[in-house]
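Chains, contacts and geometry: an overview
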Amino acid sequence: MVATHENKNKYKVIGKSPIRHDGVDKVTGRATYGADIKVPGLIWGDVLRSPHPHARILSIDTSKAESMDGVFAVVTNKDFPNVEEKEVSTGEDVVNLKRDQANIMAYDKVHYKGHVIAGVAAIDRNTAQEAIKKIEVKYEVLKHISDVDSAMAKNAPIILESLIGDHLGENVPNTNVAKIFRHEFGDVEQAFKDSDCVIERTFTMSMIHQGYIEPHNATAVWGQDGKINLWASTQGSFGVRAQTSGMLGIPESKIKVNYVEIGGGFGGKTKVYLEPIAALLSKKSGGRPVKLVMDRSSVFEATGPAPGGKVRMKIGANKDGKITAAETDIMFESGGYPGSAVAAGSICVFACYNLTNSKITGYDILVNKPKSAAYRAPGSPQVSFAIESVIDEICEELSLDKLQFRIDNASKEGTRRGDGVKFIRIGLEECLEAVKSSDHWNSPLGEAPKGKARGRGLATGYWMNGGGKSTCDLMLNDDGKVTLNEGSADIGGTRTSISMQAAEVLGIPVEDFHPSVPDTDSIGFTGVTGGSRTTYATGLAAYNAAQKLVEELKNRLSTIWEADSDQINFSNGTFSFENESIHIQDLAGKLDPTGGPATSTASVNLDSAGNAFGAHICDLEVDLETGKTDVIRYTAVQDVGTAVYPQYCEGQIQGGVVQGLGWALNEEYFITEDGVMANKSYLDYRMPTSLDMPMIDAIMVEVPNPLHPFGVRGVGEVTLAPPLAAAALAIKEATGKRHFDLPVKPGRIIDLYKS
Amino acid sequence: MSSSKINKVQISTKINGQEYDLLIPPYMSLLDTLREIVGLTGTKEGCLDGNCGACTVNVDGRIVDSCLVLGPEVNGKDVNTVEGMATPEGLHPLQKAFLEEAALQCGICTPGFLVSAKGLLDNEPSPSEDRIRHWLAGNLCRCTGYDKIIKAVQKASK
Amino acid sequence: MAIVFVPYALRKYCEDKNIVEISGKTLGELIDNLESRYPGTKAHLLEEGSLKPGVAAVVNHTTTRKGLLEKIDDDSEIHFINAVSGGSV
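Once a new chain begins, its residue numbering starts again from 1 and follows that chain's sequence as written. Chain letters and ligand numbers both follow the written order, the letters beginning at A and the numbers at 1. Where local features are concerned, this predicted model is filtered to residues with pLDDT of at least 70; where side-chain atom pairs are given and counted, the filter is 80 or more; whole-chain, interface and lining totals use all residues.

Some remarks on the overall build of chain B
Put simply, the rule reads: The secondary structure listing takes helices from DSSP runs of H or I that are at least 4 residues long and strands from runs of E that are at least 2 residues long, numbered from the N terminus. We compute the radius of gyration from the C-alpha atoms alone; for a globule the expected value is 2.2 Å times N to the 0.38, where N is the number of residues. Contact between two residues is assigned when their C-beta atoms, built from the backbone, lie within 7 Å.
What chain B contains, in helices and strands, is five helices and five strands. Going residue by residue from the N terminus, the α and β elements of chain B occur as β-β-α-β-β-β-α-α-α-α. For 158 residues, the compact-globule formula gives about 15 Å, and the C-alpha radius of gyration of chain B, at 16 Å, lands near that figure. Considering only C-alpha atoms, chain B reaches an extent of 50 × 30 × 25 Å along its principal axes. A separation of at least 24 residues holds for 58% of the contacts in chain B among residues at least 6 apart in sequence.

Quick word on the overall build of chain A
Where we set the bar: With C-beta atoms placed from the backbone, a residue is buried if 20 or more other C-beta atoms are within 10 Å of its own, exposed if 12 or fewer are, and partly exposed between those counts.
Assigned secondary structure in chain A consists of 20 helices and 31 strands. Taken against the 2.2 N^0.38 rule, which gives 27 Å for 755 residues, the C-alpha radius of gyration of chain A at 27 Å falls within 12% of a compact globule. Structurally, chain A occupies a C-alpha span of about 85 × 75 × 55 Å along its principal axes. Burial analysis of chain A (755 residues in total) assigns 63% to the buried set. Taking as baseline every contact in chain A between residues at least 6 positions apart, the subset at least 24 positions apart corresponds to 80%.

Here we look at the interface of chain B and chain A
Many descriptions give the size of an interface as the accessible area lost when the pieces come together. Quick reminder of the rule: Side-chain classes follow a simple rule in which Ala, Val, Leu, Ile, Met, Phe, Trp, Tyr, Cys and Pro form the nonpolar group, Asp, Glu, Lys and Arg form the charged group, and the remainder, Gly included, forms the polar group.
With 46 residues of chain B at the contact, the number on the chain A side is 49 residues. Secondary-structure elements contributing two or more residues to the side of chain B that touches chain A are helix 2 (93-100), helix 3 (110-121), helix 4 (129-135) and helix 5 (147-157) of chain B. Among the elements that take part in the side of chain B that touches chain A, helix 5 of chain B stands out by supplying four residues, more than any other. A per-class count over the side of chain B that touches chain A returns 24 nonpolar, 15 polar and seven charged.

Digging into the interface of chain C and chain A
If you look at the interface, chain C gives 25 residues, while chain A gives 44 residues. Mapped onto the side of chain C that touches chain A, the elements with two or more residues apiece are strand 6 (62-63) and strand 7 (77-82) of chain C. No other element matches strand 7 of chain C, which puts four residues into the side of chain C that touches chain A. Residue composition of the side of chain C that touches chain A, grouped by class: ten nonpolar, twelve polar and three charged.

Notes on helix 18 (residues 646-665) of chain A
What counts is decided by this rule: An expected span of 1.5 Å times one less than the residue number is assigned to each helix.
An ideal rise of 1.5 Å per residue puts 28 Å on 20 residues; helix 18 of chain A measures up with 28 Å between its terminal C-alpha atoms. Most of helix 18 of chain A sits out of view: 19 of its 20 residues are buried.

Topic: the nonpolar core
Where we set the bar: By definition, a nonpolar core groups buried Ala, Val, Leu, Ile, Met, Phe, Trp, Tyr and Cys residues that connect through C-beta atoms lying within 7 Å of each other. Domain start and stop points were drawn from an automatic or database domain assignment.
One finds Val120, Leu230, Ile277, Ala502, Leu506, Ala546 and Ala727 of chain A to be the most contacted residues of the largest nonpolar core, which totals 313 residues. Each of domain 1 (3-81) and domain 2 (93-157) of chain B gives at least three residues to this core. What Val120 of chain A contacts, discounting residues up to four positions off in sequence, is Gly45, Asp46, Ala65, Val71, Val74, Ala128, Ala131 and Ile132 of chain A.

Considerations on the environment of Leu742 of chain A
Residue and element names in this part refer to chain A. Here Leu742 shows up in the loop between helix 19 (723-735) and helix 20 (746-754). Judged by the 26 C-beta atoms lying within 10 Å of it, Leu742 falls in the buried class. Sequence separation between Leu742 and Leu665 is 77 residues, and the spatial gap between their C-alpha atoms is 7.4 Å. Apart from residues lying up to four places away in sequence, Leu742 is in contact with Met205, Ser206, Phe385, Trp663, Ala664 and Leu724.

Quick word on the sheet that holds strand 4 (residues 62-65) of chain B
All names here are of chain B. What counts here: We call two strands paired when DSSP finds no fewer than two bridges between them. Geometry is summarised by axes, namely lines fitted to C-alpha atoms with helices restricted to the contacting stretch, and by angles between N-to-C directions that run from 0 to 180 degrees.
Here five strands make up an open sheet; going across it, the order is 2-1-5-3-4 and the pairing mixed. Among the strands making up the open sheet, the edge pair consists of strand 2 (18-24) and strand 4. Sheet twist, expressed as the mean angle between neighbouring strand axes with direction ignored, is 40 degrees. For strand 3 (residues 56-59) and strand 5 (residues 78-80), the ladder comprises two bridges, and the chain directions are antiparallel. Bridged to Asn58 within strand 5 is Asn80. Together, strand 3 and strand 4 form the strand contacts of helix 3, whose direction differs from that of strand 3 by roughly 35 degrees.

What to know about helix 14 (residues 494-506) of chain A
In a regular helix each residue adds 1.5 Å, so 13 residues correspond to 18 Å; helix 14 of chain A covers 18 Å between its end C-alpha atoms and thus fits that length. Counting buried residues in helix 14 of chain A gives 13 out of 13 residues, a clear majority hidden from the surface.

Describing the sheet that holds strand 7 (residues 109-110) of chain A
One key point about sheets: their strands pair by backbone hydrogen bonds, in either a parallel or an antiparallel sense. Ordered by their spatial adjacency, three strands build an open sheet running 7-3-9 (chain A), and the pairing between neighbours is antiparallel. Among the strands making up the open sheet, the edge pair consists of strand 7 and strand 9 (136-141) of chain A.

Thoughts on the packing of helix 2 of chain B against helix 5 of chain B
All names here are of chain B. Inclusion rule: Angular relationships are summarised with four words: roughly parallel below 35 degrees, roughly antiparallel beyond 145, roughly perpendicular across 65 to 115, and oblique for the angles in between. Should the near helix be turned anticlockwise from the far one by less than a right angle, the crossing is termed left-handed; should it be turned clockwise, right-handed.
Following both chains from N to C, one finds helix 2 and helix 5 inclined at 135 degrees, their axes separated by 8 Å at the closest point. Of the possible angle classes, the one that applies to helix 2 and helix 5 is oblique. The element helix 2 and its partner helix 5 pack so that their crossing is right-handed. Contacts between helix 2 and helix 5 pair Pro93, Leu94, Ala97, Phe98 and Glu100 from the former with Ala152, Lys155 and Ala156 from the latter. For the contact of helix 2 with helix 5, the residue count by class is six nonpolar, no polar and two charged.

Some details on the environment of Lys133 of chain A
Considering the arrangement of structural elements, one finds Lys133 of chain A in the loop between helix 4 (125-132) and strand 9. When the C-alpha positions of Lys133 of chain A and Val47 of chain A are compared, they lie 9.6 Å apart, and in sequence the two are 86 residues distant.

Looking at the domain arrangement of chain B
Residue and element names in this part refer to chain B. Taken domain by domain, chain B consists of domain 1 (3-81) and domain 2 (93-157). Of note, the centres of domain 1 and domain 2, computed from C-alpha atoms alone, are 23 Å apart. The biggest single contributor to the side of domain 1 that touches domain 2 is strand 3, with three residues.

Here's the deal with unusual backbone geometry
At the junction of Leu742 of chain A and Pro743 of chain A, the peptide bond is cis and its omega measures out at -5 degrees in the coordinates. A positive phi is found at Asp60 of chain B, a non-glycine position, where the angle reads about 50 degrees. Along the chain, the position of Asp60 of chain B falls in the loop between strand 3 and strand 4. What makes Asp60 of chain B exposed here is the crowd of 12 C-beta atoms within 10 Å.

Observations concerning the pairing of strand 12 (residues 177-185) of chain A
Residues and elements named next belong to chain A. Most of strand 12 is tucked away, with seven of its nine residues classed as buried. Judged from the two bridges that link them, strand 10 (residues 164-167) and strand 12 form a sheet pairing that is parallel. Of the residues in strand 12, the one forming a bridge with Asp166 is Lys179.

What to know about the packing of helix 18 of chain A against helix 19 of chain A
Residues and elements named next belong to chain A. Viewed as axis vectors pointing N to C, helix 18 and helix 19 meet at an angle of 55 degrees, and their least axial separation amounts to 8 Å. The orientation of helix 18 with respect to helix 19, classified from their angle, is oblique. Here the hand of the crossing between helix 18 and helix 19 comes out right-handed. Across the interface between the two elements, Val657, Gly660, Leu661, Trp663, Ala664 and Leu665 from helix 18 touch Pro723, Leu724, Ala727 and Ala728 from helix 19. Residues belonging to the contact of helix 18 with helix 19 are distributed by class as follows: nine nonpolar, one polar and no charged.

Below, the structure is given as structure tokens:
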């Protein structure tokens, strides 16, 4: 459902939902994903992983594996070149190559259970798995750390010995706290003193996995000419190229990443884990193609989950319904190496509220868990849970309407975020008004059956959205069809949402477009499909390429019509000058005498200020005997800028909601005393199934983004931020008890309810 | 030892209506048999322990997780995968409905859902929403939140 | 003069101020002028002649991609924040 604030009738293509171009391939099983790749002479790889969460590697003996029948090669970190331990830019990301290299194959210490130590290439998958078992590693097991408090305790074992922590600008060695930073404006101390009500709570949350159904995979061929061909499940082929290049010390120009479909990423497939290992195994096997497919338990234990941690939240407000001050400490687990989403979380935490007094302190803390990576609005879900819960409590304390409180204090154009940056035109107020007038908000909760109770929760959330680099090439074929190449991995119909934007400009039906995602040698640099940037940035590249194509065609026509190209009009796909007119698809077949094929290309590097806001309503029923929860109704209101491809836009929102409900109600890394994840399978890492969820209603509010010609804002991420609090607050209303620890699982619900 | 040294098992099976005679290691799963030996990669590997349903196929009218079935077990049986759903006349109504209802985002779970849903509709042409949700609870999707998948199955079942 | 929001960790170089006024036609020139007025700041912002990896500059309301070449006006507002790249940290 789309509640539009701007006149969408002006668009011919934007706002429709055609069948996606890769759809038939994907419903017939023809689409090629990374693990489907077959290369002649393919052999299989596997990796040896640490059984210990924290240990020093004393020795690695690979001789028995090397001499095993059917084994072609064994690699350890010794096969990687030395790289400097410093931060470098890869063109779209900032990485510390030495740490990333160590993360994918340890050299002196293992920092988490499942940390890779060696890799093997063998004639088939079974042989590779058997060979792995023959590698002998001697460890000195060290005391492990599984939570932020232990990491910060005096005399805590130090995980990354070379780390010099940056604590508010001071260099601090011998620490597990990689970074402490602060954003502070106004005077929170005084503002709290002057407030009618101040509430402070501490929230805890567990490490969480993105849960994509397709495990990581990589296939590599290291040719005798020194060129590397890669196929990998990734959100960004250029990112794979850059990281592999950096870790192997090979120029990017010698690496080609071939596109394959990706089975879900959500941010977790922006870092490489297997590609450099596959490449080295291929090299050592004499150039044989080597494929590695990660097993599911390793995906949980050893890729890049979202950080858990602690958030202390203190909010002040007055009886008149105005928020006065906000203060928070955000402590995130970065995992075995630095770099959690705490910086992003600190930008999001107060973004929904118009504040002049705010203080945010963020901590990036190492623990013996896998190195965290991005998960859909990284950092925002955790901090949204905290602030929305306290706001709800303040409203209860002051007897204020919780929706009206958010409307009265909503961020708008000119409001400053917690890091001081001012908002341009945003749609939070429109979202809140849409909640107010929604059928859900105005419908009664309904009577719960005997033994159960119902509650309704409301929560808002924010994500800043990304910009960055994208490229699009267009070719107008003789028959009037358009070949469109763009570099964005298609995780959710973006071939089509990007084509639609070019189609809108050219006046050519989107069904007449043939979009594809080429390899990294065949398309200009395009950043990762993530950050809610793809339909926005690659779409803008397509828009620009289409505009350029129109100019090129005007130039061609100026030779046919004897007019200057700036005298020629173009509208709705038709060129005209005086009495002459021709449709672009007819002109396509007449171009030879004017100079041959007509093509265009455009690249962008966009400043980012998409700013997405969401406000969600969750109705939930709790069984007061067992603690089981049922989500009975859910509405997600989100400002999408302009819903280019409404069905897929809605699908993104719905998907994020269900991930959020899983996070809120059941998902967690259950870490044992031995520091390992006990529930590393889909059976026990319990994500929502179709039976757990109702239909999810999405109300797409459209407040066009001033930075994009079609107003596109970016939609994929913010949807994960509100559900955690929306569900927890619904449980509060149902049971009378507030929950500060995630997940709000049945055992916790009953314990608190009965206490 | 490498699989080339292990005595293989000969099986005769029908896959998507076509007869196959195969020589496979006795420990090879039906999933790997389909993907690696027969070359049908439409059926996907998600977890290898029967919890995600991405590997769902139909064996003699029963939907199973092919990662939990050994290749030799389908000797003499009828196996149907996603590749067998469309006919020369066109897509199966479920496949069409999935496209029309946008019931996929990344598409990795789609083959499993299609085979599962077909297993339902072949026997119960007009299931309720609750029945559909129950039947499909063995197929995990992380992208869509299930809403459009359920709507697609409802559309195909009318 | 443009307004520079001083990152918390740099306030000690800026007489504890959280906002300072600095002139410059480009971001690069502005940072040089910032260093002249408040020594010690530049080393935290630049590395080998560009913005340090991990540091992003926000001019007015958007994260600039033009780095030190970004044009600055008298009513520009400049923030230096942790680089948060798309979809990632």
